[in-house]
Amino acid sequence: MIRVGIYNENVHEKLDENVAMVYPEGIHGQLAAFLGAEEDMEIVRCYTLETINDITEEELTGIDVMLWWGHMAHHKVEDEAVQKVKNAVLMGMGLIVLHSGHHSKIFRSLMGTTCNLTWREDGDFERVWVVNPAHPITRGIGRFFYLPEVETYGEPFAIPEPDEVVFIGGYEGGEVFRSGCTFHRENGRIFYFQPGHETFPIYYDPNVQTVIKNAVRWANPVFRSQALDCPHVEKPGKD
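A brief structural summary. (Residues numbered from 1 in each chain as written. Predicted model: local features only at pLDDT ≥ 70, side-chain atom pairs only at ≥ 80, totals over all residues. Heavy atoms only, no water.)

**Looking at helix H5 (residues 79-91)**
The test is simple: To qualify as a helix, a DSSP run of H or I must reach at least 4 residues; to qualify as a strand, a run of E must reach at least 2; elements of each kind are numbered from the N terminus. Between the first and last residue of a helix there are one fewer steps than residues, each counted as 1.5 Å, and that sum is the expected span. Contacts between residues were defined by any pair of non-hydrogen atoms, one from each residue, lying within 4.5 Å.
Taking 1.5 Å as the rise per residue, H5 with 13 residues should run 18 Å; its terminal C-alpha atoms sit 18 Å apart, in good agreement. In this structure, the buried residues of H5 make contact with helix H4 (57-61), strand E3 (65-69), strand E4 (94-98), helix H6 (105-111), strand E8 (176-185) and strand E9 (188-193). Downstream of H5 by a residue or two, glycine 92 has a phi angle that is positive, lying close to 140°.

**Things to note about the nonpolar core**
Quick note on the threshold: Here, the term nonpolar core denotes a set of buried Ala, Val, Leu, Ile, Met, Phe, Trp, Tyr and Cys residues that are joined through side-chain atoms within 4.5 Å. Between buried and exposed lies partly exposed: a residue is buried under 20% and exposed over 50% of the maximum accessible area for its type, with that area taken using a 1.4 Å probe on protein chains only.
Formed by 73 residues in total, the largest nonpolar core has its most connected members in Leu67, Phe107, Phe167, Phe191 and Ile212. Residue contributions to this core peak at 7 residues, all from helix H7 (residues 206-219).

**Considering the sheet that holds E9**
Threshold: Pairing between two strands is assigned when DSSP locates at least 2 bridges connecting them. Working convention: axes come from line fits to C-alpha atoms, limited for helices to the stretch in contact. Angles between N-to-C directions cover 0 to 180 degrees.
Read from one edge of the open sheet, 9 strands run E2-E1-E3-E4-E9-E8-E7-E5-E6, paired in mixed fashion. Every other strand in the sheet has two partners, leaving strand E2 (41-47) and strand E6 (144-154) as the edge strands with one partner each. Strand-to-strand twist in this sheet, taken as the mean axis angle between neighbours without regard to direction, amounts to 25°. Relative to E9, E8 is paired through 6 bridges, and the arrangement is antiparallel. Opposite threonine 182, over in E9, you have phenylalanine 191 as the bridge partner. Contacting E3, E4, E8 and E9, H5 crosses the sheet at an angle of about 115° to E9. Along the sheet, H7 makes contact with strand E1 (2-8), E2, E3, E4, E6, strand E7 (164-171), E8 and E9, crossing E9 at roughly 165°.

**Focus: the pattern of salt bridges**
What counts here: Salt bridges are defined as contacts in which a side-chain nitrogen from Lys or Arg sits within 4 Å of a carboxyl oxygen from Asp or Glu.
All chains considered together, the criterion is met by 12 salt bridges. Residue arginine 45 pairs with glutamate 59 through a salt bridge whose shortest N-O separation is 3.3 Å. In this pair, arginine 45 is assigned in strand E2 and glutamate 59 in helix H4, connecting sequence segments 14 residues apart. Here glutamate 59 falls in the partly exposed class, since its relative accessible area comes to 26%. A salt bridge links glutamate 80 to lysine 84, with the shortest nitrogen-to-oxygen separation between them at 3.8 Å. Taken together, the residues span about one helical turn, with glutamate 80 and lysine 84 both in helix H5 at a distance of 4 residues. One network of salt bridges, in which partners are shared, links Glu38, Asp40, Lys213 and Arg217.

**A closer look at the packing of helix H3 (residues 26-36) against H7**
As a reminder of what qualifies: Any angle between 65 and 115 degrees counts as roughly perpendicular, while under 35 counts as roughly parallel, over 145 as roughly antiparallel, and the rest as oblique. The nonpolar class holds Ala, Val, Leu, Ile, Met, Phe, Trp, Tyr, Cys and Pro. Asp, Glu, Lys and Arg form the charged class, and all remaining residues, Gly among them, are polar.
Axis separation between H3 and H7 bottoms out at 10 Å; the angle between their running directions is 70°. As judged from the angle between their axes, H3 and H7 are roughly perpendicular. Note on element contacts: H7 touches H3 through Gln209, Ile212, Lys213 and Val216, opposite Gln30, Leu31, Phe34 and Leu35. Of the residues that constitute the contact of H3 with H7, the class distribution is 5 nonpolar, 2 polar and 1 charged.

Here it is as structure tokens:
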């Protein structure tokens, strides 16, 4: 079983009745619903802004892959909690950063850049094009999939060169965006996936769900170290 943790700040859902109508159980609740229905996945815990700052290293050792959605309250996630999550990723925990999580402290820290982009909220359509059809995250997806209403993200996207660009989004207004990118940081695998604005029902879309499920399986740790250290070792013998 892949042990999945989910962070969603859960602020929009409380402040905006339109968001609450789209995601009555919160964005985290919708993510947990379709991921938890998979036979090889177990939802360990959903964190919100009310609980993320109390996360412990012990809890993180019990999570194989963490999903991260944030927007209004990135600054309210304490640096100590961010460092714990970052250390877990470096030791091997997978991380999937969704939509406006591009500006989260954890993603910016792991990328080492501002992660800035251009954006507008006009409800444009998006075609998400598969540019790496051999990648396991694209399994079950055709040449592209269509989202009728999204928040438009556009280049330049101030991230380091991805290990792989898996998806490119094309929008009604002509913008393009690297909508799905992978990174490795020490032992951890990271996937950034752009679709997922809070006022649009994007996490109900079957293709979006397929991508996220595939990403969880891809990010599942291959190796997980027990500590971040630089040990002195003895010279190996000939035997």
